Amino acid sequence: MLNIDHVVKNYGGFRLDVTMEVKPGCITGLVGRNGAGKSTTFKAALHLVRPESGSIQIFGKDSSKLTEKDRQELGVVLADSGFSEYLTVKDVHALLRRMYESYDEGYFLAQCERQGLPLNKKIKEFSTGMKAKLKVLVALSHQAKLLILDEPTLGLDVAMREELLDLLRSYMEGDEERSILISSHIATDLESLCDDIYLIHDGSIVLHEDTDVLLASYAVLKMDAVQYEALDKKYVLKTKKEAYGYSCLTNQKHFYLENDPQLVIEQSGIDDLILFMIGGE
């Protein structure tokens, strides 16, 4: 569905060099700290910035050669873009009718009502959460095959985020070939939604893992200095020095459960992954 192969983009002292894939029928997450390269990756995929080398394919075509019909099958949310805030939702509805052949106006208007988005109120009067909801509903409104969503839950509280994630799950259920590439700074959102996760740091992918494997096999080991010296480290990915001794990230939790039951072994998640892969040794 989307294939990014050694795409390079330089901005002053920052260098993006990314390879990743979003497969048909899958939800893929891209995580990393602010400034790691998430938004640049999204913009490169959409040909909004021109890479210096590498290739990007969407629907099996070079992204720079997508036809207007191909682009109609993309649904996009970017953190720093949107409709003019002087428009109303009714104005947006009229624009969407002209822009997309497959625009589902019944779905869009029903969801706006359900999500509490008034049709005649200017977008500039919306809360941050209401603006975020509108962006996502626009992306979902025209039966796109691929959604590219950069921080779509930004500004939403817990209940609103769950409503939005439910919308994305329903979207995926509508067609088994649909796919989503999504970034979020809220790790638990991606843990419950994504099939696989890429971690980006300083412009490069430093880890790719299926979410099920990440949650089932990754763990944080905690120990004192004596235990650390005796530890079999062949399945240790990263280590951090702590006040009490050491903590280690492993992708073989069951090995240490069986062979070092005296260790403190804690379930890890995406937040731990980011902290260790970026800050560990």
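Residues numbered from 1 in each chain as written. Predicted model: local features only at pLDDT ≥ 70, side-chain atom pairs only at ≥ 80, totals over all residues. Heavy atoms only, no water.

> Please provide a residue-by-residue account of the overall build of the chain, values included.
The helix and strand tally for the chain stands at 11 helices and 14 strands. Reported as C-alpha extents along the three principal axes, the dimensions of the chain are approximately 70 × 40 × 35 Å. Counting the 281 residues in the chain, one finds 47% classified as buried. For the chain, long-range pairs separated by at least 24 residues make up 66% of all intrachain contacts whose partners lie at least 6 apart in sequence. Roughly 13,600 Å² of accessible area belongs to the chain as shown, and the carbon and sulfur atoms make up 48% of that amount. (Helix = DSSP H or I, 4+ residues; strand = E, 2+ residues; numbered from the N terminus. Buried < 20%, exposed > 50% of the residue type's maximum accessible area, 1.4 Å probe, protein only. Contact = heavy atoms within 4.5 Å. Areas by Shrake-Rupley, 256 points an atom, 1.4 Å probe, with all protein chains shown as cover.)

> So, the pairing of strand β7 (residues 146–150): which residues are in play, and what are the values?
Regular strands place side chains that alternate from one sheet face to the opposite one. Judged by how many residues are buried, β7 sits mostly within the fold: 5 of 5 residues are covered. The two faces of β7 match: L146, I148 and D150 on one face and L147 and L149 on the other face are all buried. Relative to β7, strand β6 (residues 74–77) is paired through 4 bridges, and the arrangement is parallel. What sits directly across from L74, in β7, is L146. With 5 bridges joining them, β7 and strand β8 (residues 179–183) adopt parallel strand pairing. Across the sheet, residue L146 finds its bridge partner in β8, namely S179. This β-α-β element, β7 to helix α6 (residues 158–173) to β8, shows right-handed connectivity. (Pairing = 2+ DSSP bridges. Right-handed = clockwise from strand over helix to strand, strands pointing away.)

> Provide a residue-level description of the pattern of salt bridges, including the pertinent values.
Pairing between side chains of opposite charge can happen when their charged atoms approach one another. Within this structure, the stated rule accounts for 9 salt bridges. A network of salt bridges, in which partner residues are shared, links E162, D166 and R169. (Salt bridge = Lys/Arg side-chain N within 4 Å of Asp/Glu carboxyl O.)

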